[in-house]
Amino acid sequence: MRALTYLGGTLAFLLLLAAGLLYVVLRGSLPPLDGTIRVAGLTAPVHITRDGRGVPTLLAANRADLAFATGFVHAQDRFFEMDLSRRVAAGELSELFGAVALEQDRQARLFRFRAVAAAALEQASDEERALLVAYRDGVNAGLASLRSRPWEYWLLGGPPAPWRREDTLLVSYAMWWDLQSYGFRREILRREINARLGGPECAGGWKCALGFIYPAGTSWDAPDAAGLTAPPAKPPVPGPEALTLRTTTARQELPAPPAAALVGSNSWAVAGRYSASGAALVANDMHLTQRVPTIWYHARLQMAANGSQPGIDLNGVTLPGAPLLVAGSNGRIAWGYTNSYGNWLNVTRVPCDSVSDTELRSGAEVLPLSAEQEDIKVKGGSAVTEAVRHGAAGLLLRVDAAEHVCWFGTWLAQVPAATNLNLMRLERAGSVAEALAVAPLVGIPHQNTLIGDRDGHIAWTIFGRVPLDTGPERSRGAGPYTEGAQHPRILDPPSGRLWTANARVATDPQQLALIGGAVAAFGAEYDLGARARQIRDDLMSLHGAARPADMLRIQLDDRALFLARWQALALTVLDDASLADHPRRAEFRRLVAGWNARASVDSVGYRLVRAFHDQTQQTLWYALLDALHVAPDDEIGAPAQFEGPLWELLRTQPPHLLPQPYRDWHALLVGEVDATLAHLARVCPQLARCRWGSRNPVRIRHPLSPALPLLSGWLDMPTLELPGDHDMPHVQEGNVGASERFAVSPGHEADAYLVLPGGQSGHPLSPYYRADFGAWARGEALPLLPGAAQHRLTLAPR
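About the cut-offs
- Residues numbered from 1 in each chain as written.
- Predicted model: local features only at pLDDT ≥ 70, side-chain atom pairs only at ≥ 80, totals over all residues.
- Heavy atoms only, no water.
- Helix = DSSP H or I, 4+ residues; strand = E, 2+ residues; numbered from the N terminus.
- Buried < 20%, exposed > 50% of the residue type's maximum accessible area, 1.4 Å probe, protein only.
- Contact = heavy atoms within 4.5 Å.
- Areas by Shrake-Rupley, 256 points an atom, 1.4 Å probe, with all protein chains shown as cover.
- Disulfide = S-S within 2.5 Å.
- Axes fitted to C-alpha atoms, helices over the stretch in contact; angles between N-to-C directions.
- Parallel < 35°, antiparallel > 145°, perpendicular 65-115°, else oblique.
- Pairing = 2+ DSSP bridges.
- pLDDT = per-residue confidence, 0-100.
- Core = buried A, V, L, I, M, F, W, Y, C linked by side-chain atoms within 4.5 Å.
- Expected span 1.5 Å × (residues − 1).
- Polar contact = N/O pair within 3.5 Å; in protein donor to acceptor, adjacent residues only side chain to side chain.
- Salt bridge = Lys/Arg side-chain N within 4 Å of Asp/Glu carboxyl O.

1. Structural notes on the overall build of the protein chain
Okay, step 1: Secondary structure assignment for the protein chain yields 23 helices and 28 strands.
Okay, step 2: Scored against the burial criterion, the 798 residues of the protein chain give a buried share of 59%.
Okay, step 3: Contacts in the protein chain between residues at least 24 apart in sequence constitute 72% of all its contacts with a sequence separation of at least 6.
Okay, step 4: Taken as a whole, the protein chain presents about 30700 Å² of accessible surface, with 56% of it coming from carbon and sulfur.

2. Things to note about the state of the cysteines
Okay, step 1: Applying the stated criterion across every chain yields a total of two disulfides.
Okay, step 2: For C352, the disulfide goes to C406, at an S-S distance of 2.1 Å. Taking the sign of the S-S torsion, 90° for the link of C352 and C406, the bridge is right-handed. On the criterion of sequence distance, the pair formed by C352 in the loop between β10 (345-351) and β11 (354-355) and C406 in strand β17 (residues 405-411) is long-range, its members being 54 residues apart. Comparing C352 with C406, the two get one shared label, buried.
Okay, step 3: The residue that forms a disulfide with C684 is C690, at a sulfur-sulfur distance of 1.7 Å. Given an S-S torsion of about 105°, the disulfide between C684 and C690 has right-handed geometry. Considered together, C684 and C690 belong to a single accessibility category, that of buried residues.

3. Side note on the packing of helix α17 (residues 583-593) against helix α20 (residues 665-683)
Okay, step 1: Running from N to C, α17 and α20 point in directions that differ by 90°, and their axes come no closer than 11 Å. Classified by the angle between their axes, α17 and α20 sit roughly perpendicular to one another. Where α17 approaches α20, its residues R584, R585 and F588 are matched on the opposing element by V670, V673, D674, T676, L677 and A681.

4. A look at the pairing of strand β5 (residues 281-289)
Okay, step 1: Among the nine residues in β5, eight count as buried, and that is most of the element.
Okay, step 2: Judged from the seven bridges that link them, strand β4 (residues 264-270) and β5 form a sheet pairing that is antiparallel. Paired with G264 across the strands is H287, a residue of β5.
Okay, step 3: Pairing of β5 with strand β26 (residues 741-744), which is carried by three bridges, proceeds in the antiparallel orientation. Looking at the pairing, A283 lines up with A743 of β26.
Okay, step 4: The pairing of β5 with strand β25 (residues 736-738) spans three bridges and is classified as antiparallel. The residue bridging H287 from the neighbouring strand is A738, located in β25.

5. With respect to the sheet that holds strand β15 (residues 384-391)
Backbone hydrogen bonds are what pair the strands of a sheet, in a parallel or an antiparallel way.
Okay, step 1: Ordered by their spatial adjacency, five strands build an open sheet running β10-β17-β16-β15-β14, and the pairing between neighbours is antiparallel. Each of the sheet's edge strands pairs with one partner strand only, and the pair in question is β10 and β14 (370-376). Averaged over all pairs of adjacent strands, the angle between their axes in this sheet comes to 35°, without regard to strand direction.
Okay, step 2: When β10 meets β17, the two strands line up antiparallel, connected through seven bridges. Residue pairing across strands places V350 opposite C406, the latter belonging to β17.
Okay, step 3: Docked against the sheet, helix α4 (residues 102-109) engages β14 and β15, running at close to 145° with respect to β14.
Okay, step 4: Of the strands in this sheet, β10, β16 (394-400) and β17 are in contact with helix α9 (residues 183-196), which crosses β10 at around 45°.

6. Observations concerning the environment of W714
Okay, step 1: If you trace the backbone, W714 turns up in helix α22 (residues 712-715).
Okay, step 2: Spatially, the C-alpha atoms of W714 and P764 are 6.9 Å apart, while their sequence positions differ by 50 residues.
Okay, step 3: If we skip the residues at most four places from it in the chain, W714 touches L26, P764, L765, Y769 and R770.

7. Re the sheet that holds strand β18 (residues 447-453)
Okay, step 1: Spatial ordering of the open sheet is given by β1-β28-β2-β3-β6-β7-β8-β9-β18-β19-β20, a layout of eleven strands whose pairing is mixed. Two strands lie at the open edges of the sheet, namely β1 (35-39) and β20 (489-491), each paired on one side alone. Going across the sheet, the axis of each strand differs from the next one's by a mean of 25°, ignoring polarity.
Okay, step 2: For β1 and strand β28 (residues 791-797), the ladder comprises five bridges, and the chain directions are parallel. Within β28, the residue paired with V39 across the bridge is P797.
Okay, step 3: Along the sheet face, helix α2 (residues 63-90) touches β1, β2 (46-50), β3 (56-60), β6 (297-303), β7 (312-318) and β28 and points at about 155° away from the line of β6.

8. Thoughts on the confidence of the model for the protein chain
Okay, step 1: Here the protein chain averages 89 in pLDDT, while 88% of its residues score no lower than 70.
Okay, step 2: Counting contacts from residues 249-261, a segment whose pLDDT is below 50, to residues more than four positions away or on other chains yields 30 contacts.

9. Observations concerning unusual backbone geometry
Okay, step 1: Residue P293 is bonded to the preceding V292 through a cis peptide linkage, with omega at -10°.
Okay, step 2: Tracing the backbone shows P293 in the loop between β5 and β6.
Okay, step 3: Following Q660, the chain continues into P661 via a peptide bond in cis, with omega recorded as 5°.
Okay, step 4: Here P661 is to be found in the loop between α19 (643-652) and α20.

10. Here we look at the nonpolar core
Okay, step 1: In this structure, F113, Y173, W296 and L795 are the most contacted members of the largest nonpolar core, which totals 146 residues.
Okay, step 2: Here this core gets 14 residues from one element, more than from any other, and that element is α2.
Okay, step 3: Leave out the neighbours within four places in its chain, and F113 touches A89, L170, Y173, W177, W411 and A413.

11. Focus: α20
Okay, step 1: Over its 19 residues, α20 runs 28 Å from end to end, which matches the ideal 27 Å to within 8%, given 1.5 Å per residue.
Okay, step 2: One side-chain oxygen at the N-terminal end of α20 lies 3.2 Å from the backbone nitrogen of H666; it belongs to D664.

12. Some thoughts on helix α14 (residues 548-555)
Okay, step 1: Burial analysis of α14 places six of its eight residues in the buried class, which makes it a mostly covered element.
Okay, step 2: Residues P548, D550, M551, L552, I554 and Q555 constitute the buried set of α14.
Okay, step 3: Along its buried surface, α14 packs onto β4, β5, α13 (530-540), β26 and β27 (753-755).

13. With respect to the side chain of E187
Okay, step 1: Summarising the element assignment, E187 is placed in helix α9.
Okay, step 2: E187 sits in the buried class, given a relative accessible area of 5%.
Okay, step 3: There is a polar contact of 2.8 Å between the side chain of E187 and the side chain of R190.

14. Remarks on the pattern of salt bridges
Okay, step 1: Enumeration according to the criterion identifies 44 salt bridges in this entry.
Okay, step 2: Across the pair E81 and R78 runs a salt bridge, and its minimum N-O distance is 2.8 Å. Taken together, the residues span about one helical turn, with E81 and R78 both in helix α2 at a distance of three residues. Accessibility classification places E81 together with R78 in one group, the buried group.
Okay, step 3: Measuring nitrogen to oxygen at the nearest pair gives 3.0 Å for the salt bridge that ties R398 to D400.

15. Looking at the pairing of strand β21 (residues 497-500)
Okay, step 1: Where burial is concerned, the two faces of β21 agree: the one with R497 and W499 and the one with L498 and T500 are both buried.
Okay, step 2: Bridge analysis of β4 against β21 gives four bridges, and the strand direction is antiparallel. When the bridges of β21 are listed, A269 appears paired with L498.

16. As for the side chain of H287
Okay, step 1: Locating H287 in the fold gives a position in strand β5.
Okay, step 2: Reaching out from H287, the side chain makes a polar contact with the side chain of D285 at a distance of 2.7 Å.

17. Describing the packing of α2 against α4
Okay, step 1: Between α2 and α4, the shortest axis-to-axis distance is 7 Å and the interhelical angle comes to 65°. In contact with R87, V88, A89 and A90 of α2, α4 contributes Q104, D105, A108 and R109.

Right, here's the structure in full:
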């Protein structure tokens, strides 16, 4: 007994010792925040203060030293995040995580982004290369300032790799990947549909497949429309020769919308004549997959004036891995983004019977191919070699052997000239006009950009290189790019408001063609327009001078205006005859009738209406694909613009397009209610307790958390039920939602707010790990400007 007691005590002591050593090691990777650190690479001292939220203010004597200091604080707080970003783009995750990441690396290696980054670096100006060197040196100095390697690398069993110049460009390519790469799958599905409909004559896109029911107009207005008008009349539905539809034999589970379908954002600007400050008022919330730590890093970047060289004072969000302000204010202009769904990539369908590294055979025809070999290092295993093959139609993306089809693709992201650091030119832009002059030169994944200046002017444009060629070869990036007034833009519209929510913004035919809107409503991948319309109406209904607090109320607007017609449809469908002897239907109708018309966490009615919509949409989308003998792709789902054809089918209820085996459209819709009830019964048997919040929990997790379930409570943000959905300003669909919220009038930064769904630090022992999360979840505003300094660090030249 005494021996067992002794053994138990020894084990307890050893466990405590191990825990203590682990704690000491982890504490060692916390960054030093005070004192003086001497580093090589600076020309003058840089002063770094941090406030009570961990937000740094960097004050440097010149731009290179400011880039160095930005890299230093990024590495102190976010090096692991930066490392993942460069590895995602380069296809080098397997080197860190092993074979579990091999498939992701194979997909990324197709685009050879490390080689593209090296080519882009060669095309950069001497000034840009110098800043990348300064940022690189700052990152590596920040990493070296830690007494212990970042905590993630102790768990992964290896030291971090140093930062390189081209890695900053790889971080940009990781954003290209997140924001545009899923478009290849959408394009392939679109071409499959076109091929079933006759090929070349349907090169116009999705509308060829569904034009017989697609409305000619839209249910919203672009900001440059002449007035707020009703949509044009719908075209008549054609005769029975169009398509024969039937429901698929097996009903699918209702999937959550794929993350690719939810990439979007809100941004708007109010002209100075309608704002309280007299300056323009710009609001932005970019919707991305939320994670720990947050995507963005809140910072104030200052450079002192030097002789004839004026200083700079930048406030907003930076992207760890890059030495610049992504969105926010420079004191004279402010800007924010939404993703631009345009024609930035292309695919070509090529018949093929066999493929090697040197040729493609289709019958008697032989097409030459070239190949580069990519070696993927795999932790704990042998390296894997992947062949990246190219032909006249571009990069070989996929081989569908059973269909004897090969898919080739081109993408502007692969063009070195399409990515650069010209976003930094906004740092000194003094007006909207100057920002518009910069816009055609900015090399980032294409973004709708809203800009406002302190004189009250507002504008919309595209940040991203836009080819003048509007044909299928434009995604090769070989031709000239837009310049000056050729570039899409709207300046100072009569309404004094501009808004973008991933839907169509411009109405000018040439601008639409340059973006890709001329391809088709589906092909350009515009979002539905419900968010855009609700934002527009919110802006137009503001009474009095607009203030930042008004912008936050719009960002948090969770009214279910889009689904109102679906709620009315459900009530109409469930008539007395359909309710007879069906208590579940009756309960469904009662709960839907009593909804609060909001995507609030406690709303049962909203969840039921949303489920009915999704079920009906899925049934008719699959029926259309089945009629065309096209396999659905559940990873991308129905296009956002399918809502138009869907509602037109339900509005007109053409007998010849009624899916089999239903006797009429009413019977189909009652069947969709029953299918919705069957699905809900599996996930929440008591219908009255099917709250929207339990359907939409927000789990913002650290990337290592799934592999460390015992530590997930320590690594992840608290799991919460939050209001919001997709087709409304307050976007929150699981962990896809506002990656930041801000509103600012340039020159009035003291009145502005910025809040993130997490903290500044990526270290769970830091007091700044969860700093902003509570305020973000509660929908509160936090100051854009950093508060009083609580820590002071000086970087001094060695």
